[in-house]
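# Per-entry structural report
One-letter residues, chain by chain:
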Amino acid sequence: VFNTRLFFDIVKKLPEEIVSVEVDDKLTATIRSGFTEFKIPATPAEDFPELPTVERTRSFGVEAETLCKMIGRTLFAVSQNENKPVITGSLFEVAGDSLTVVSVDGFRLALCTQKIDEQQGKEDFSFVVPGVALREVERLAAENKGIIEIGLGKRHILFNMENTVIISRLLE
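Residues numbered from 1 in each chain as written. Predicted model: local features only at pLDDT ≥ 70, side-chain atom pairs only at ≥ 80, totals over all residues. Heavy atoms only, no water.

## Some points on helix α2 (residues 64-74)
Taken as a whole, α2 has its buried residues at Ala-64, Leu-67, Cys-68, Met-70, Ile-71 and Thr-74. Taken around the axis of α2, the buried residues stretch over an arc of 165 degrees, which confines them to a single face. (Buried < 20%, exposed > 50% of the residue type's maximum accessible area, 1.4 Å probe, protein only. Helix = DSSP H or I, 4+ residues; strand = E, 2+ residues; numbered from the N terminus. Arc of directions from axis to C-beta.)

If you want it as structure tokens, here you go:
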């Protein structure tokens, strides 16, 4: 395991050739492409935290384009102030066949409602997703087509896209 941000910054700047990554027994990752070579430190996989298991209590699907637009229309109003953690995220409310996303920072309020496929179970529910996670979901949803499955657990939310799963802790 190594710093992904550093890894992606390096890969973006490499020439358009085959990229190879090797990790030696001293946990040094060597990234090669053409005549270019980088060495970055790695961490043992055992030190990497395990992904939480999300036992879904509820789930529903949203078109990727719809979810991306809803997040884009409300994310600007998510608070950056950590004094009130609940407003550092967006409230998702599922009622029947509609999804409402609400963000507030103490000065601005953004609200967006869209029709969705009916969720599993008839009970209405709501949850708050951190803004940091929503930025990633928005970025990835813009690259995907089709339905994004959203699974809600007791403390976590799961966004399941084509080849990507994002798991985030919910705000309480």
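There's more to say after this.
## Notes on the sheet that holds strand β6 (residues 98-104)
The pairing of strands in a sheet comes from backbone hydrogen bonds and takes either a parallel or an antiparallel form. Strand order in the open sheet made by the four strands is β7-β6-β5-β8, with antiparallel pairing throughout. Two strands lie at the open edges of the sheet, namely β7 (109-115) and β8 (125-130), each paired on one side alone. Averaged over all neighbouring strand pairs, the angle between strand axes comes to 20 degrees, with direction disregarded. Pairing of β6 with β7, which is carried by seven bridges, proceeds in the antiparallel orientation. (Pairing = 2+ DSSP bridges. Axes fitted to C-alpha atoms, helices over the stretch in contact; angles between N-to-C directions.)

## Comments concerning the environment of Ser-168
When you line up the elements, Ser-168 lands in strand β11 (residues 165-169). Along the chain, Ser-168 and Leu-51 lie 117 residues apart, while their C-alpha atoms are 9.8 Å from each other. Residues in contact with Ser-168, not counting those within four places in the same chain, are Pro-130, Ala-133, Arg-155, His-156 and Ile-157. (Contact = heavy atoms within 4.5 Å.)

## Comments concerning the pairing of strand β10 (residues 156-160)
In terms of burial, β10 is largely enclosed, as four of its five residues are buried. Looking at chain direction, strand β9 (residues 147-152) and β10 are connected through four bridges and run antiparallel. Bridge assignment links Ile-150 to a residue of β10, and that residue is Phe-159. Linkage of β9 to β10, two consecutive antiparallel strands, is achieved through a turn of three residues. Taking the residues between adjacent antiparallel strands as the criterion, β10 and β11 are bridged by four residues.

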